[in-house]
Amino acid sequence: MKFTVLGGGGFVGTHLVRYLRDQGHTVDVPARSLDGIFDTDLGHVIYAIGLTGDFRKRPFDTVEAHVCLLAKMLQKCRFESWLYLSSTRVYASLDRDKPAHENSAIVVAPGSDSLYNLSKLMGESLCLAYPDRAVRVARLSNVYGAGISADAFLGSVMSDLRLHSRVTVNESPDSGKDYVAINEVTPLLEAISLHGLERLYNVASGRIVTHRELFEKICEVTGFSVDYSDGGLTRTFPVVDISRAQSEFGFQPNNLLDTLDGFLIACGLRDNAGDDL
């Protein structure tokens, strides 16, 4: 198959390109200028263009990436299927006591902190309004793995630990996130692109790992130190319902805590013999 990965230079995009090529697909990764993008059939498109941790500093770039460029390309490009990578961060306002399902109603208030979610939801709406069921959306949770960006929370923590052997987290230890491994994400995105029966999928582990659980284990394994800021807020999300991906594709992701050793090795915090670095 022919794939085109837009945003192929980012963390998810880089791993996705490598995986798809390993499966024997032809994969194009257009330059940032997107020269000639409207003059060829793109095949199966995966739209991984986006901003994460720096969206507050770059609001116009965020909207351009998540909405405006997407709208232009959906109108003018030729493709066989289109998969827009969104985020489970859009579930931030939901009741923490109920699982977040793809069909959950989402409430978002305008404001600078909501710009990311609003722009992602607008991008999703454009895709789902497109009159072709081969245009789909995948909401990704916190993806981890080798080469994780320092813009991401977990990537930033790993970077600080690697440099200083200690880090201070600005949230309470009861805060938590859903983490899913990149090597489990890439085959699922391929399957959704080629065979998805639905138009919207959660791509997550379906579990919340608290900072306390994660960093206690990291400290135990490495001997490094993790502290918490006084008065740090407790930030957590509802559990993400992944039953759609499970039933359709047999998706069975691991828990980060069970794969932590491999992740620490990939981040350079341990060597293959298990020695701390």
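Residues numbered from 1 in each chain as written. Predicted model: local features only at pLDDT ≥ 70, side-chain atom pairs only at ≥ 80, totals over all residues. Heavy atoms only, no water.

**Comments concerning the overall build of the protein**
Now for step 1: In terms of regular secondary structure, the protein is built from eight helices and twelve strands.
Now for step 2: Its C-alpha radius of gyration of 19 Å places the protein within 12% of the 19 Å reference for a compact globule of 277 residues.
Now for step 3: Projected onto the principal axes, the alpha-carbon positions of the protein cover approximately 55 × 45 × 40 Å.
Now for step 4: Sequence-distant contacts, at least 24 apart, represent 81% of the contacts inside the protein between residues at least 6 apart. (Helix = DSSP H or I, 4+ residues; strand = E, 2+ residues; numbered from the N terminus. Rg over C-alpha atoms; globule rule 2.2 N^0.38 Å. Contact = heavy atoms within 4.5 Å.)

**Details of the packing of helix α1 (residues 11–22) against helix α5 (residues 182–195)**
Now for step 1: Following both chains from N to C, one finds α1 and α5 inclined at 65°, their axes separated by 9 Å at the closest point. With respect to the hand of their crossing, α1 and α5 are arranged in right-handed fashion. Residues F11, V12, H15, L16, Y19 and L20 of α1 lie in contact with α5, whose contacting residues are I182, T186, P187, L189 and E190.
Now for step 2: When grouped by side-chain class, the residues that make up the contact of α1 with α5 number eight nonpolar, two polar and one charged. (Axes fitted to C-alpha atoms, helices over the stretch in contact; angles between N-to-C directions. Left-handed = near helix turned anticlockwise from the far one by under 90°. Nonpolar A, V, L, I, M, F, W, Y, C, P; charged D, E, K, R; others polar.)

**Section: the sheet that holds strand β10 (residues 200–203)**
Whenever strands of a sheet pair, they do so through backbone hydrogen bonds, lying parallel or antiparallel.
Now for step 1: On the basis of which strands lie adjacent, the open sheet formed by six strands has the order β2-β1-β3-β4-β5-β10 and parallel pairing. Each edge of the open sheet is held by one strand with a lone partner, namely β2 (26–28) and β10. When the angles between neighbouring strand axes are averaged without regard to direction, this sheet yields 20°.
Now for step 2: Here strand β1 (residues 2–6) runs beside β2; their pairing, made up of three bridges, is parallel. Among the inter-strand pairings, K2 is bridged to a residue of β2, identified as T26.
Now for step 3: Each of β4 (81–87), β5 (135–140) and β10 touches helix α3 (residues 115–129); the most contacted strand, β4, lies at about 160° to it. (Pairing = 2+ DSSP bridges.)

**Focus on the environment of F3**
Now for step 1: By the secondary structure assignment, F3 is in strand β1.
Now for step 2: When the C-alpha positions of F3 and D41 are compared, they lie 9.9 Å apart, and in sequence the two are 38 residues distant.
Now for step 3: Not counting the four nearest positions on each side in its chain, F3 is found in contact with L20, H25, T26, V27, D28, L42, H44, I46, E190, S193 and L194.

**Thoughts on the environment of H66**
Now for step 1: Within the secondary structure, H66 is located in helix α2 (residues 59–76).
Now for step 2: You can call H66 buried: its relative accessible area is 0%.
Now for step 3: On a C-alpha basis, the gap between H66 and L85 in space is 9.4 Å, while along the polypeptide they are 19 residues apart.
Now for step 4: Excluding anything up to four places from it in sequence, H66 contacts I49, G50, L51, Y84, Y116, S119, K120 and G123. (Buried < 20%, exposed > 50% of the residue type's maximum accessible area, 1.4 Å probe, protein only.)

**Overview of the layout of surface pockets**
Now for step 1: Of the pockets and cavities examined, the second largest pocket occupies roughly 190 Å³.
Now for step 2: Considering the residues around the second largest pocket, the lining is formed by 13 residues, among which Y144, G145, A181, N183 and F263 are closest to the centre.
Now for step 3: Of all the elements in the fold, those that place two or more residues in the lining of the second largest pocket are α5 and α8 (260–266).
Now for step 4: Residue composition of the lining of the second largest pocket, grouped by class: six nonpolar, six polar and one charged. (1 Å grid on protein atoms, 1.4 Å probe; cavity = no way out; pocket = protein on both sides within 12 Å on 5 of 7 lines; lining within 4 Å. Points joined across faces, edges and corners; volume = space filled by probe spheres on them.)

Honestly, that's just the spatial picture; any functional story needs more than this.
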